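Remarks on the overall topology
Spelled out, the chains give:
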Amino acid sequence: MTEEVNSSEEMKEIDVTPSPGSILTVMISILVTTFLVYIYRRIIVRQIRRSVWKSAGDDVVLVHCPTPGYLTPNISPFVMKLLTYLRLAQIPYKLEHDEPMGAKGKTPWITLNGEELHDSQLIIEALSKKFDKDFNSGLSEEEKAIARGFAMMIEEHIAWGLRVWRFIVDDGRTLLEGMKQPFFVSLIKPIFVRSQKAALWYQGLGRHSPSEVENMITADLRALSKYLGRKPYLMGDNLTEVDCTMFAFMANILYNYNRSPYYDIIKGEFTNLYDYVLRVKGRLWPDWNQCLEKTKLK
């Protein structure tokens, strides 16, 4: 009798081990759900956003960029370059932060009358033609060549030199200190810093020692300081396009790189660059403090 009961109980036991087929079904469900969410965000949300962006108004530039910084209206000097140009040209614009990176993987980018434009320099050139705002028209061909040379030195050499200090020397700390970031950004910061170090290595400056790079960038800053001299702006008495670039990067050093040697150099040796930043800031950014992020995340 006992054996019959035990046998009956054994028959009632249920095997709860999932079968390979059920595991595969769950995995496929997860993948399909993830794919549908991705499609929703990439297509539907993008379409919704673009329909909203059209309400910005005719000939209003919608600038897509990161959120404001604590010390500068934007931590990206390329965003600051574009915003400074828009203010100089008195072109109406609005800021949008939902999609700071454009199709080329760069910031800023803009939407204008439904058209998307990318890269700060290409954007400025397009806006200059559309709104007839050529601030280089008063320069001779020689002066235009000099201005372009300085702009390229700033964007293609000084910019990379600053990244050497930010990511190799300072280990990316200014990124978290300069603007509001979601909590998870601090978790992925090491990955981002490593990617930037790799980019610096392939670009070339990352192969040099920090002291060697510092000497190079100091020479660039000296060249800017010597050419600026006692002039109010780089090319003379009037603001030109290159001033948008120069102001953006010099302001970036003074406000976002105050632990770097370049901050001390501008404040100590090349004081005309410091005065230059204050001059342009006072003329084009009288509302500077109102453009800053006020709330710091803890």
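A brief look at the structure comes next.

Definitions and cut-offs
Residues numbered from 1 in each chain as written. Predicted model: local features only at pLDDT ≥ 70, side-chain atom pairs only at ≥ 80, totals over all residues. Heavy atoms only, no water. Helix = DSSP H or I, 4+ residues; strand = E, 2+ residues; numbered from the N terminus. Buried < 20%, exposed > 50% of the residue type's maximum accessible area, 1.4 Å probe, protein only. Areas by Shrake-Rupley, 256 points an atom, 1.4 Å probe, with all protein chains shown as cover. Phe/Tyr/Trp six-rings, centres within 6.5 Å; stacked < 30°, edge-to-face > 60°. Lys NZ or Arg CZ within 6 Å of the ring centre and 35° of its normal. Polar contact = N/O pair within 3.5 Å; in protein donor to acceptor, adjacent residues only side chain to side chain. Contact = heavy atoms within 4.5 Å. Expected span 1.5 Å × (residues − 1). Bend = angle between axes of the 7 residues up to and from the residue.

1. So, the overall build of the chain
Along its length, the chain carries eleven helices and four strands. Residue burial in the chain is summarised as follows: out of 298 residues, 44% are buried. Carbon and sulfur atoms make up 57% of the accessible area of the chain, which amounts to about 16,900 Å² in all.

2. Structural notes on the packing of aromatic side chains
Scanning the entire structure with this criterion turns up nine aromatic pairs. On the basis of an interplanar angle of 80° and a centroid distance of 6.2 Å, the ring pair of Phe247 and Trp288 is categorised as edge-to-face. With a gap of 41 residues between them, Phe247 in helix 9 (residues 241-256) and Trp288 in the segment after helix 11 (271-284) connect regions that are remote in the sequence. Each member of the pair, Phe247 together with Trp288, is buried. Positioned above the aromatic ring of Phe131, the side-chain terminus of Lys130 is 5.8 Å from the ring centre. Here Lys231 stacks its cationic end above the ring of Tyr227, 4.5 Å away from the centre of that ring.

3. Brief notes about the environment of Gly204
Mapped onto the fold, Gly204 is located in the loop between helix 7 (185-203) and helix 8 (210-228). When its relative accessible area of 19% is taken as the criterion, Gly204 is described as buried. Considering only alpha carbons, one finds Gly204 and Trp160, 44 residues apart in sequence, at a separation of 9.1 Å.

4. Considerations on the side chain of Asn256
For Asn256, the position within the fold is in helix 9. Side-chain polar atoms of Asn256 contact the side chain of Thr72, separated by 3.1 Å. At 2.8 Å, the side chain of Asn256 and the side chain of Asn252 are in polar contact. Apart from the residues within four sequence positions on either side, Asn256 is in contact with Leu71, Thr72, Ile75, Arg166, Thr174 and Ala251.

5. What to know about helix 5 (residues 141-169)
Spanning 29 residues, helix 5 covers 40 Å between terminal C-alpha atoms, matching the ideal 42 Å at 1.5 Å per step. If you look at helix 5, its biggest bend is around 30°, right at Ile154. At the C-terminal side of helix 5, Asp171 shows a positive phi close to 60°.

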